[in-house]
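Read off the chains here:
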Amino acid sequence: MEPINVIRSRTVVLPSSNIDTDQIIPARFLTTTTREGLGAALFADWRYEADGRPKAGFVLNRPEARGCQVLVAGRNIGCGSSREHAPWALLDYGFRAVISTEIADIFRSNSLKNGLLPVVVDEATHGWLVAHPGAEVEIDLPGAVLRLPDGRAVHFLVEAFSRYCLMNGIDELGYLLSHADAIDAYERRAV
Amino acid sequence: MSAKTLLEKVWERHVVVPETPDTPAVLYVDLHLTHEVTSPQAFSVLRSRGLKVRRPDRTLVTMDHSTPTDTAQIFGGKPITLESAAKQIRQLERNCADFGLDLIGLQDSRRGIVHVIGPELGATQPGKTIVCGDSHTSTHGAFGALAFGIGTTEVGYVLATQCLLQRKPKTLAIEVTDRLAPGVSAKDLVLAIIGRIGVNGGTGYVIEYRGTAIEALSMDERMTVCNMSIEAGARAGMVAPDETTFAYLQGRPRAPQGDAWERAVADWRTLPTDEGARFDLAVRLDAAAVEPMISYGTHPGMVIPVSGRVPELPGDAVFARSLEYMGLEPGEALQDKPVQVVFVGSCTNARLSDLEAAARVLAGRRVAPGVRMLVVPGSQQIKREAEERGYAKVFTDAGAEWRESGCSMCLGMNGDLVPQGQYCVSTSNRNFEGRQGIGARTLLASPATAAATAVRGRVSDPREFLN
């Protein structure tokens, strides 16, 4: 996966609360056996008419959304299904970070494993971001700081281990495999 | 020794490498359930890194999500209609062959929804850690296991190492006092719980369901409750194992046998939460006050009693959009609302007692004209039992469709879909926009409520059929 250091981008805002992973990518796109190309199906039912034409009012279809890497979403984004296709679709579309006041557990875990940075902020910061769609923000992963255009710096929590993996673009499998002896010993002892 | 919760006891037994401030724990996984939709990319990672499956004996593989429920496509030699689904099924067959995994395949008599067959085969046991690339893995917590959904990357980790990196979750006790009233089911209870704590009320927690109302539930009912823990945001829900648990498991193919059974039960008796153990958060609910429940909106926290009215929340744009999608007005009563589709199935409510509850209402009656009713058993074994007990005949005599097992219309991946704009009373777990088909309007309810609604063609309280 792509290492993350500092993300500088304008934001796209989807203020709805409880955006579930069925909205991020509907189940009919899950019969794929690869992870490529899912960006085309991102928010498919919000983004396209039945005949495939883009819905004019949807935020991702507006010209100013092009190239944005930061999605600001309402409380509890990513609830529902564990489908990792949701972060795959967001990444394939071009997003690198998701900001909300609350991010559902499995979606958060899946995002971290693919280089999509989940950023949880307080209500006030979130309220400002929702009120200023398209704001140019900077997400500094090494410093765990979100910087707003007015100069405010908002700290966010990211676990040291996850930050290390994200900054180096590595997954956790190598780390798990390095514990093979401990796993062998556990199996002899307990299983 | 300090008093411990059920979660803490199960957690401690599975720590391979303890957590530190810098690193999560390496946690051992006893049982890995795998299916066709969330595994292909994980097997690709194993291939690209030259890795094997560490413990094929701890990996239970089947197909359920995109798998057809049409008998002709399973047993009749008719090609699978959805080409992408057929490809996914063939890919799983190939992956199992390449990596030496036993597959409970398309025509296997043990096949079914992964969360139904794990318990049915006795593979789900108290004290185990169980994971699956599916959020409804929480179902298995009904046995006192720590069971939770994972993503496909983690499916790969477990295939390769039988372990995951995890932080110990917080604990939420949901104590349900008294008993459920007659005609009120475990589904109504869990919908009431989600309505109370909200769809994010359990985020970051593992729930332990406790109290007299929970102890009185059958295993089927406990599975229904634990299944929907994720709809409250909790990755896992647990119930302490007891005599009900042991009676369910005894004699099942993968349960311990003979002396090993006695030793296992003695061990399982040590698992329940100790007196005085502390939970991070506690909620109390009176079961006797729960009525038959139904959802009205586009997430499972938007629920009311069947006899209730849609709330009024002026000024809430998200709420207004949800009602617009559902074609409902604030203050509207749902009872007697005409519906076009009724679905009895899913890992929430497709076990034998669920089918029995629906059959009791439908016996000697017919599905109302203009209503399509689909009954999809949770497993092939449940299908056979329902046929032996006459429930299947009740359904077909009533005019309902009786299918092969699978996830079916819960998520509409296999072509079992609700048409645009139609209302479907569904015993499944999610009423998200488009979940059962583009523009489909899902009303979540119990099997008895679904059956009563099918008979009248309108949303109905099942209790009028049970007296």
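Residues numbered from 1 in each chain as written. Chains lettered and ligands numbered in written order. Predicted model: local features only at pLDDT ≥ 70, side-chain atom pairs only at ≥ 80, totals over all residues.

A. Highlighting the overall build of chain A. In terms of helices and strands, chain A carries eight helices and seven strands. Principal axes of the C-alpha set define a box for chain A whose edges measure 60 × 45 × 25 Å. Across the 191 residues in chain A, those meeting the buried criterion constitute 43%. When contacts within chain A are restricted to residue pairs at least 6 apart in sequence, long-range pairs at least 24 apart make up 67% of them. (Helix = DSSP H or I, 4+ residues; strand = E, 2+ residues; numbered from the N terminus. Buried ≥ 20, exposed ≤ 12 C-beta atoms within 10 Å, placed from the backbone. Contact = placed C-beta atoms within 7 Å.)

B. Quick look at the packing of helix H13 (residues 352-362) of chain B against helix H15 (residues 391-398) of chain B. Residue and element names in this part refer to chain B. Running from N to C, H13 and H15 cross one another at 45 degrees; their axes reach a closest spacing of 9 Å. The orientation of H13 relative to H15 falls into the category oblique. Two packed elements cross with a definite hand, and for H13 against H15 that hand is left-handed. Contacts between H13 and H15 involve Leu355, Glu356, Ala359 and Leu362 on the former and, on the latter, Tyr391, Val394, Phe395 and Ala398. Class assignment for the residues of the contact of H13 with H15 results in seven nonpolar, no polar and one charged. (Axes fitted to C-alpha atoms, helices over the stretch in contact; angles between N-to-C directions. Parallel < 35°, antiparallel > 145°, perpendicular 65-115°, else oblique. Left-handed = near helix turned anticlockwise from the far one by under 90°. Nonpolar A, V, L, I, M, F, W, Y, C, P; charged D, E, K, R; others polar.)

C. Inspection of the sheet that holds strand S15 (residues 341-344) of chain B at higher detail. All names here are of chain B. Pairing is parallel in the open sheet, where five strands are placed in the order S17-S16-S15-S18-S19. Of all strands in the sheet, those bounded by a partner on one side alone are strand S17 (401-402) and strand S19 (441-444). By the bridge criterion, two bridges tie strand S16 (residues 372-375) to S17 in an arrangement that is parallel. Paired with Val375 across the strands is Trp402, a residue of S17. Helix H16 (residues 447-456) rests against S15, S16 and strand S18 (423-426) of the sheet, and its axis sits at about 150 degrees to S15. (Pairing = 2+ DSSP bridges.)

D. Quick look at the interface of chain B and chain A. At the junction of the two partners, chain B supplies 51 residues and chain A supplies 42 residues. Of all the secondary structure elements, the ones that give two or more residues to the side of chain B that touches chain A are strand S1 (15-17), strand S2 (25-28), helix H2 (40-49), helix H4 (83-99), helix H6 (152-161) and strand S8 (163-166) of chain B. Here the side of chain B that touches chain A takes six residues from H6 of chain B, the largest share from any one element. Residues belonging to the side of chain B that touches chain A are distributed by class as follows: 20 nonpolar, 23 polar and eight charged.

E. How the structure looks around H16 of chain B. All names here are of chain B. In terms of residue burial, H16 counts as a mostly covered element, since nine of its ten residues are buried. Within H16, the full set of buried residues consists of Pro447, Ala448, Thr449, Ala450, Ala451, Ala452, Thr453, Ala454 and Val455. On its buried face, H16 sits against strand S13 (293-295), S15, H13, S16, S18 and helix H17 (463-466). Positive backbone phi, at 70 degrees, marks Gly457, one or two positions downstream of H16.

F. Looking closely at the nonpolar core. Residue and element names in this part refer to chain B. The biggest cluster of nonpolar side chains holds 192 residues, and the ones touching the most others in it are Ile294, Val342 and Ala358. Ranked by residue count, the leading element in this core is helix H7 (residues 186-197), at eight residues. What Ile294 contacts, discounting residues up to four positions off in sequence, is Val303, Ile304, Val306, Leu334, Leu443, Leu444, Ala445, Thr449 and Val459. (Core = buried A, V, L, I, M, F, W, Y, C linked by C-beta atoms within 7 Å.)

G. Quick look at H4 of chain B. All names here are of chain B. Under the 1.5 Å per step criterion, the end-to-end length of H4 is 24 Å for 17 residues, consistent within 8% with the ideal 24 Å. What H4 keeps buried is the set Ala85, Gln88, Ile89, Leu92, Asn95 and Cys96. Take H4 and look down its axis: the buried residues cluster within an arc of 120 degrees, on one side only. Relative to its buried face, H4 has exposed residues pointing more than 90 degrees away, namely Glu83, Arg94, Ala97 and Asp98. (Expected span 1.5 Å × (residues − 1). Arc of directions from axis to C-beta.)

H. View of the pairing of strand S3 (residues 31-34) of chain B. All names here are of chain B. Burial of S3 is two-sided: the residues Leu31 and Leu33 facing one way and the residues His32 and Thr34 facing the other way are all buried. In this sheet, strand S6 (residues 129-132) lies alongside S3 in parallel orientation, the contact comprising three bridges. Residue pairing across strands places Leu31 opposite Ile130, the latter belonging to S6. For the crossover that starts at S3, traverses H2 and ends in the parallel strand S4 (residues 59-62), the hand is right-handed. (Right-handed = clockwise from strand over helix to strand, strands pointing away.)

I. Seen up close, the sheet that holds S2 of chain B. All names here are of chain B. One open sheet holds the three strands; their spatial order is S1-S2-S8, and the pairing between them is antiparallel. Only two strands of the sheet have a single neighbouring strand rather than two, namely S1 and S8. Taking the axes of each pair of neighbouring strands and ignoring which way they run, one obtains an average angle of 40 degrees across the sheet. As judged from the two bridges shared by S1 and S2, these two strands associate in the antiparallel manner. If you follow Val15 over to S2, its bridge partner there is Leu27.

J. Geometry of the environment of Gly143 of chain A. Residue and element names in this part refer to chain A. Relative to the assigned elements, Gly143 resides in the loop between strand S5 (136-140) and strand S6 (145-147). Owing to 13 C-beta atoms within 10 Å, Gly143 belongs among the partly exposed residues under this scheme. Taking the C-alpha atoms as reference, Gly143 lies 10.0 Å from Arg163; in sequence the two are 20 residues apart.

K. Seen up close, unusual backbone geometry. For Ala144 of chain A, which is not glycine, the phi torsion reads 50 degrees and is therefore positive. By the element assignment, Ala144 of chain A lies in the loop between S5 and S6. For Ala144 of chain A, a count of 15 C-beta atoms within 10 Å translates into the label partly exposed. Located in the positive-phi region is Asp178 of chain B, a residue other than glycine, with phi close to 65 degrees. Mapping Asp178 of chain B onto the fold places it in the loop between strand S9 (170-177) and H7.

L. Quick peek at the domain arrangement of chain B. Residue and element names in this part refer to chain B. For chain B, the domain assignment lists domain 1 (6-166), domain 2 (170-289) and domain 3 (293-466). For domain 2 versus domain 3, the separation of C-alpha centres amounts to 24 Å. In this assembly, 17 residues from domain 2 lie in contact with 21 residues from domain 3. Elements with a contribution of two residues or more to the side of domain 2 that touches domain 3: H7 and helix H9 (219-227). When grouped by side-chain class, the residues that make up the side of domain 2 that touches domain 3 number six nonpolar, seven polar and four charged. (Domains from an automatic or database assignment.)

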